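Chain residues, written in single-letter form:
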Amino acid sequence: SGWSALNVREIWQYRDLLTSLAARDVKLRYRQTALGAIWVVLQPLVAAFIFTFVFGKVAKLPSNGLPYLLFAYAGLLAWNAFNNTLTKSSVSLVGNSHLVTKIYFPRLILPLATIYSTLIDFSVALTVMAALMLIYGVTPHIGLLLLPLWLLLILMLALGFGLLASALMVTYRDIQHILPVLTQFALYASPVAYGVTAVPVHLRPFYFLNPLAGLLEAFRWSLLGTQSFQWGYVAYSAAIACAAFVVGAFSFKKMERSFSDVI
């Protein structure tokens with residue numbers, strides 16, 4: 001009974017398994033698809049075009065003086081890193097139940113292995129982002145150096161929620177139906193397809209209670225130099241991301257003992 005400490009050394013000892021599971025995830029993801037890895041680029045581009053039409057042309061929301069396609073794609077770049085990590089890590093235990101019930105290894109390996117494919121997708125999509133910036137004549141600025149920090153915090157936030165969701169999903173399969181609804185809500189409650197300047201000023205303190213809001217704005221600022229970046233809100237988001245990761249990891253370890261019996 002009681003809480004279990006995180007054994008980072010044990011995870012390091014099983015690093016070969018972590019690498020193998022990550023490589024398997026990447027290989028299987030686009031197997032038997034006609035376009036293969038092109039989907040990594042095609043999906044965010046199509047979504048960016050849709051957001052440009054709906055929010056830029058129809059709703060005429062501001063984009064901080066930037067081309068709306070570039071503005072929306074930058075938001076989707078960060079959102080997809082969050083959403084892919086959360087989605088894949090949340091189903092990592094249930095999707096690998098045959099491993100959980102037969103052999104011993106640190107169960108944290110399974111959700112952690114999903115980070116690799118997320119980073120590969122992000123790297124490819126970031127290359128497209130660089131090409132779009134070149135086409136539209138947007139020059140990078142010094143804030144680009146902070147981009148890895150924002151990405152790390154976004155991944156920590158997603159993995160924290162993903163660890164908790166994956167542990168709960170072992171017992172409560174309802175989570176796999178609830179999570180897509182919550183992520184869809186979070187997409188429109190975060191500055192992905194629109195900027196914070198579109199939110200009424202008196203509502204912004206409540207809007208930034210969403211930890212994704214501050215991180216997404218900081219991420220977009222690092223890429224494009226938008227003006228709505230505020231350190232106070234980002235500090236709050238960073239604290240929530242760190243707390244979510246710690247709580248998610250320890251909750252996962254707390255429930256880990258029953259995985260093989262219940263799954």
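These remarks concern the structure in this document. (Residues numbered from 1 in each chain as written. Predicted model: local features only at pLDDT ≥ 70, side-chain atom pairs only at ≥ 80, totals over all residues. Heavy atoms only, no water.)

With respect to the environment of L212
Definition in use: Secondary structure is summarised from DSSP: a helix means a run of H or I of at least four residues, a strand means a run of E of at least two, and numbering begins at the N terminus for each. Only protein chains enter the accessibility calculation, which uses a 1.4 Å probe. A residue is then buried if its area is under 20% of the maximum for its type, exposed if over 50%, and partly exposed in between. Contacts: residue pairs with any heavy atoms within 4.5 Å of one another.
Relative to the helices and strands, L212 resides in helix α11 (residues 211-224). We classify L212 as buried; its relative accessible area is 3%. Apart from residues lying up to four places away in sequence, L212 is in contact with W79, F82, L157 and S190.

Remarks on unusual backbone geometry
In this structure, K60 is a non-glycine residue whose phi angle is positive, near 55°. Within the fold, K60 resides in the loop between α3 (38-58) and α4 (68-90). The backbone of N64 shows a phi angle near 60°, a positive value even though the residue is not glycine. You can see N64 is positioned in the loop between α3 and α4.

A short note on the packing of aromatic side chains
The following threshold applies: Two rings from Phe, Tyr or Trp (for Trp, the six-membered ring) form a pair when their centres sit within 6.5 Å of each other. Planes less than 30 degrees apart are called stacked, planes more than 60 degrees apart edge-to-face, and all others tilted.
For the structure on display, the rule yields 11 aromatic pairs. Note on F55 and Y194: the rings are 6.4 Å apart at their centroids and 40° apart in plane angle, and the pair reads as tilted. On the criterion of sequence distance, the pair formed by F55 in helix α3 and Y194 in the loop between α9 (175-188) and α10 (204-207) is long-range, its members being 139 residues apart. Like Y194, F55 is buried. The interplanar angle of 70° and the centroid separation of 5.3 Å between the aromatic rings of F252 and F259 together place this pair among those described as edge-to-face.

Quick look at α11
In an α-helix, one turn spans 3.6 residues, which is why side chains three or four residues apart end up on the same side. Defined as follows: Here, expected helix span is obtained from the residue count minus one, scaled by 1.5 Å. Polar contact criterion, stated in full: a pair of N or O atoms within 3.5 Å, where within protein one must be able to donate a hydrogen and the other to accept it, and residues adjacent in sequence count only if both atoms are side-chain atoms.
Between its first and last C-alpha, α11 extends 20 Å over 14 residues, near the 20 Å set by a 1.5 Å rise per residue. Here α11 lies mainly inside the structure; 14 of its 14 residues are buried. Backbone nitrogen of L212 and a side-chain oxygen of the N-cap are separated by 3.0 Å at the start of α11; the cap is N210.

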